[in-house]
Structure formats: structure tokens, C-alpha cells
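Next come the chains, spelled out residue by residue.
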Amino acid sequence: MAQTSNSTIAGALDELGDLYELDGAVVHRVVAYRNAAKAVRDSPVSIAELAVAGRVTELAGIGATLEQKILDLVQTGRIPAAERLRERFPAGVLAIVGLPGIGPKRARRLFEELGIDSLESLGEAARAERLRGVRGFGEKFEQSVLATLAAGVDASPRRRVPLDRALAIGELVVGELRDRDRELGSDPPARIELAGSVRRRAESIKDLDVVIGAADPAALLDALGELAAIESAGRTSATAARGQTHTGMVVELRAVAADQFGNLLQHMTGSKQHNAALRERAVRMGLHVSEYGVLDDATGETHRCATEAEVYELVGLSYIEPELRENREELRRAAGGVFPRLVELSDIRGDLHCHTVASDGRETILEMGRSAAARGYEYLAITDHSATHGFGNDVSPDELRRQIEKVHEADAKLPGIRLLAGSEVNILPDGSPDYDDDLLAELDWVIASVHTSFGMAGDAMTERIVAATGHPLIDAIGHPTGRMIGRREPYAVDIDALVGAAAASGTLLEINSNPNRRDLSEVNARAAVHGGAGIVINSDAHSSGGFDVLRYGIWTARRAGLEPAAVLNTLAWDELAGRLKRTRRD
DNA sequence: GCCGTTTTCGGCCCGACTGTTTTCAGTCG
């Protein structure tokens, strides 16, 4: 029997939180379920296994009660409490929660007093002007409901976009605001930074947050609507403005005095859960953290912080990098001292996955090699697609032999960088690569990926990729889960099984840096390192400009808490080559 | 429901906004 996945368990806990909230539970109990759901979702190890082993309460946020509910779910597939609550509250009531202005309390009141149990019955009641008869509801609420339903419920939660799109717009906005500040002649210049999930380098972004530290921010706030990226904007208060980009993203500007900039940047960078946990810790120390300062109960004094580091220092923590602020383990670790240094772009000494005109790339081996050398890389593996299910030009075995020669020729022409003859081979449905072993043995580096039959069932897909890790000449697995952020679910591979097989065989796992992939994800990358597998971070570039995406892979690794030593292409090639299983086997 | 520099009970982040209400509950980020 397939074991219950972390995401299934997390989903069940989230649902329980929603149901208890409707049921009128105290907010802290509801929050406890949501925190537990997040802890499960972010866990790099199997929660089902942990629960069966009696160790699940080791996770922060899971106690004896939730342990039992998780065990029920894992062992019987059901949670009795959830079933009882579902009988009391039709699914349509939960669907109403989350509409603008409707939380659990109001949804429950509408359900109990007017029997509203679906979007349809909500709309009917609004049109019939019956909602205003309920205490706490009025005419404006009815209009808001009708507007929401008219716009389509799907339109209400704004679409999330991958980080690269949000970052491009955010950097444009910040750049223009800084230009404007210079034109205004501010002295000292205003501090203007991106905050929010963009600064945390999250996988996908809902809206953009920009923070300003300035004595007189009015002119900057008023300028938002004039920026190239902004379609419409307006002031929302003396210290804030809100606009919308031409792409439909909401941009929030917040301003404070320069000596509070650290407080605001910390507050607006979040995450919400990180901030809540930080503030709970502060309260235990008699301190109250907000975007305006840190109030000390003992003295009645509010400390204003020009930098974030001061905020963390006041609550007894070492500085926490934005990428880690997700309320995973970072507060506990920061209380214990300084973090090990996270991997950085400048640590990467070579790229082991790129394409040329031989398959679906747009540039030649020489062009790609020159560009990689110019970026300071010591080595570059040319890994065009293999022959089956071709991308652009199918690289037949004979063509691959010629390609190996071409790589050697180009390598001789390019001093300062080592070009490696490689291939991105397909993992066929039976788990084998699509070149013969004698040909693979002529290559310096082989990365193997799934490009077909994405729909295979979990056991078969897992067997398929695990089989590939067992091949002596496959050095790494490319984009191991196939997920596309916001567009395609990962294929049904058991990540624990894959990590175990990769660690046992010495097969490396890729963090593919394409911003639509970032695969392994941060959670899976953490699982991989936890399970003893080695990581490589690659661009999968299809042109020389494609090398730029490596920063997204780096950010995924940093969000996973990876240090340079966990990432094998921080090594010189000779050292890395010596660790490959094809070498170690000899 | 969890958790401990308040340790087996009594707490549990902070501020802004909205609509409805005459002082605030609920929602939101």
C-alpha cells in the first residue's frame, strides 16, 4: 500500500482547521492546525513514517492530539472528527469562506440564520436583499457579494506568477523609484527595497511589496502611478500607496522614517508565519515587535531599527537570511548562534546542463563555452538531448560521436574553461537510457531525465527513475520531479525512494534553475540532502543568456538551507569527477 | 491544540481597514 504523502496529511490538517474554525473553536486551536499543516508540508522526511515510528511529536507544532489524528489518517485513511464536522457543515459553506470580506464567523452566521450553504444561495439572498436582515450585515455587503460573484469566484484569489516575472517588474519599479528620488534631490537618498515573497525568493508571487525609508516620502508615493510598469495607482494613506501593474499584479508601497527602515523591511518581508513566531518569541522577552519599532515593556521605550539585523539582535537572534524566513526551523537555529553560510552564486564553478544547436539550443558549442567562460565558470558540460522523442534535431548515436569530437575541438580553442562532452539522455519508460553503454562511457558526464510518459502511476514512475539511478553511467537525474510551477504537477515519483536510491548509488540530483521548474523544489532539495544525496545546480540553458537563470536554482538551494558543501558543482571539475560513481567504480 | 527564561496551566503577534455600529467585531496581510 502506498504510504500517505505529506501533502495529503497537510491537506487533511488544513481542512480540520477550516472546519473547527467554522465550528467556532478558539482561534489558537485553529492556528495550531494550520501551523501543523505547514510543518507537515515543509517536512523533508515522511510524516507517515515518523508517525508510525512514534516520533511525529518531534516536529514543532505537533502534540499528542494531532499525532493521534495523523495516525488515524495513515492507518485507516479517515479522521473521525473531520467526518463528524463535514456532516454539520456542507462543503458549500467552506467555499464561501475566503470570499472577500467573508471569514468563518460571518459564513457560519449566514449558514445558521439564512441557511446559506452555497455560492448560489448566497447570490440569491444578496439579490433578494435578505442579507441586510442579519445583524452585522448591510447594503454594502450585499453589493460586494454581487460584485464578487459577477467577477467570477476564480478571479478573487489573484493569480500567482513565477518569481522571474514578478522580480523583473519589481526591479523595474524599484529602479524607477530610485531614479525619481534622485531627481527629487533627497539628501540623504531614500532607502527603497523590494520586500515580501519576492525578497524571500519564493517560487511564485501574488503581489509586490516595496518599502521606503525617507523623511518625506509623499512625492515618491505619489509617483507610483507615473512609473512605466504601473497601469493605475493611488495613495491609500499618508504613508502608503497601492497600484496595479499592466500585468495585473498589485504593488503595495509602504513608507516609514529612515530610522525605522529595518523594522518595516523586516515586517514587510515576512513571511506572515515567520513574523508571528518572531513576535511570540519577543513577547516572552517582554518585547513587542511591529513595523514601527520594538517596544520594551520594562522601559516603555520603543527601539527604532535602521537595519533588520538590529531587529533580530534585539530579540536575541542572529541575522536570518530572507530566503529562510518561512517559520521552518530558522528561529530555533538563529537562537542557537550564527547560521552556516548558505550557498551563493559565486560558489558555483561550473554548469553541468546546457543545450546547443545540436538539439533544441540556439547557439553553438563555442558560443556557449565563451559565455560560460566570461561568467567565470571553470567548466561547462554540453548536454544536448538524446535521440528518442527528439527535441529539435535528434542526436543519433553517430551524431553524438561527432558532437564529442566537436566538444573536444571547441575545448582546445577555449583556454580558461573546460568543456565536457555530455548528454541529457531520456529515461525510457523501463528506466533505461536511450544510448548504448559503450557510447555513454565515452562521455564525461551524463544527466538523465524523464521527458515522456509523464502520466505513469506512482509505483511504475518511481521504479523507472530509481532504475536510472542504478545505471553505472548515469551521473545525475535532471529535473527529478518534472513539476512546472503553477502549470504542471510533479509526476508521481516517490521522492523518498528516489533520494534513497540516489544516495545509495552515488547518483546526483539536479536543482534545475529554470524559474518555471526550480526542480528539485526547496522541500525536496532539503529531503535530498537530509537523505544523503548530492546536489548539482544547473541552468539547463538553451542559449548563452540562459545561464542567467542559475540564480533561481541558487535561491531554491538557499531556501532549502543548503551550504556550499552540499552542492557538488561548487567543486573543481577534477575533484567532482573523482566523486562520480563511474570513476569510483574503477 | 501547543508549549515552557510564566514548565502541566494559562497564555498564545501586530496594526490597519471595513462596514456597521454608536464602541467594535471581523477580516486581512
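In what follows, the structure referred to is the one given above.
Residues numbered from 1 in each chain as written. Chains lettered and ligands numbered in written order. Predicted model: local features only at pLDDT ≥ 70, side-chain atom pairs only at ≥ 80, totals over all residues. Heavy atoms only, no water.

**Q** When you look at the overall build of chain A in this model, what are you seeing that I'm missing?
**A** The helix and strand tally for chain A stands at 25 helices and 17 strands. Its C-alpha atoms give chain A a radius of gyration of 27 Å, within 12% of the compact-globule value 25 Å for 586 residues. Principal-axis analysis of the C-alpha atoms gives chain A an extent of 80 × 65 × 50 Å. In chain A, which comprises 586 residues, the proportion classed as buried is 52%. (Helix = DSSP H or I, 4+ residues; strand = E, 2+ residues; numbered from the N terminus. Rg over C-alpha atoms; globule rule 2.2 N^0.38 Å. Buried < 20%, exposed > 50% of the residue type's maximum accessible area, 1.4 Å probe, protein only.)

**Q** Before we go on, may I ask you to explain the pattern of salt bridges in this structure?
**A** Side chains that carry opposite charge are capable of pairing whenever their charged atoms lie near each other. This model, assessed by the stated rule, comprises 41 salt bridges. Between Glu 15 and Arg 86 there is a salt bridge, with its nearest N and O atoms 2.7 Å apart. Separated by 71 residues along the polypeptide, Glu 15 in helix 1 (residues 6-22) and Arg 86 in helix 5 (residues 80-88) bring together distant segments of the chain. Relative accessible area serves as the criterion here: at 22%, Glu 15 is assigned to the partly exposed category. (Salt bridge = Lys/Arg side-chain N within 4 Å of Asp/Glu carboxyl O.)

**Q** Mind showing me how you'd approach the sheet that holds strand 8 (residues 287-290) here?
**A** Hydrogen bonds between backbone groups are what pair the strands of a sheet, and the pairing can be parallel or antiparallel. Spatial strand order, 8-9-10: three strands in an open sheet with antiparallel pairing. In this open sheet, the two strands that pair with only one neighbour each are strand 8 and strand 10 (301-303). Going across the sheet, the axis of each strand differs from the next one's by a mean of 25°, ignoring polarity. Bridge count for strand 8 against strand 9 (residues 293-296) is four bridges, and the pairing is antiparallel. Bridging from a neighbouring strand, His 288 pairs with Leu 295 of strand 9. (Pairing = 2+ DSSP bridges. Axes fitted to C-alpha atoms, helices over the stretch in contact; angles between N-to-C directions.)

**Q** Even after reading the chapter, I still don't get helix 22 (residues 522-530), so can you show me in this structure?
**A** Within an α-helix, residues lying three or four positions from one another point in the same direction, as the helix has 3.6 residues per turn. Those residues of helix 22 not exposed but buried are Glu 522, Val 523, Asn 524, Ala 525, Ala 527 and Ala 528. In this structure, the buried residues of helix 22 make contact with helix 2 (27-41), helix 21 (495-505), strand 16 (508-512), strand 17 (535-538) and helix 23 (550-559). After helix 22 finishes, the residue Gly 532 shows a positive phi value of roughly 90°. (Contact = heavy atoms within 4.5 Å.)

**Q** Help me understand the nonpolar core, please; the structure alone is not making it clear to me.
**A** Considering soluble globular proteins, one finds that nonpolar side chains tend to be buried as a cluster. Counting 58 residues, the largest nonpolar core has Leu 380, Ile 465, Leu 509 and Ile 537 as its most contacted members. Beyond its immediate sequence surroundings of up to four residues, Leu 380 is in contact with Asp 351, Cys 354, Met 368, Gly 369, Ala 372, Ile 417, Arg 418, Leu 419, Leu 420 and Phe 547. In terms of nonpolar packing, the next biggest core, distinct from the first, is built from 47 residues, Leu 13, Tyr 20, Ala 36 and Phe 137 among them. (Core = buried A, V, L, I, M, F, W, Y, C linked by side-chain atoms within 4.5 Å.)

**Q** Got a minute to help me understand the protein's contact with DNA strand B in this structure?
**A** Not every one of the 37 residues close to DNA strand B is listed here, only the nearest: Gly 63, Gly 103, Gly 138, Glu 280 and His 288. In DNA strand B, atoms within 4 Å of the protein come from the sugar-phosphate backbone in 81% of cases. The side chain of His 28 places a nitrogen or oxygen atom 3.5 Å from a base nitrogen of DNA strand B. Those elements that provide at least two residues to the surface near DNA strand B are helix 2, helix 4 (64-76), helix 7 (104-114), helix 9 (139-151), helix 14 (272-284) and strand 8. (Near = heavy atom within 4 Å. Polar contact = N/O pair within 3.5 Å; in protein donor to acceptor, adjacent residues only side chain to side chain.)

**Q** Explain the packing of aromatic side chains to me, please; I cannot follow it from the model alone.
**A** By convention here, two paired aromatic rings are described through the distance between centres and the angle between planes. Enumeration over the complete set of coordinates arrives at eight aromatic pairs. Taking the centre distance of 6.2 Å and the plane angle of 85° together, the rings of Tyr 312 and Tyr 319 count as edge-to-face. With relative accessibility at 0%, the residue Tyr 312 sits in the buried group. With relative accessibility at 34%, the residue Tyr 319 sits in the partly exposed group. The lysine or arginine in question, Arg 106, covers the ring of Phe 137, its NZ or CZ lying 4.4 Å from the ring centre. (Phe/Tyr/Trp six-rings, centres within 6.5 Å; stacked < 30°, edge-to-face > 60°. Lys NZ or Arg CZ within 6 Å of the ring centre and 35° of its normal.)

In short, the description is geometric, and any link to function would need to be established separately.
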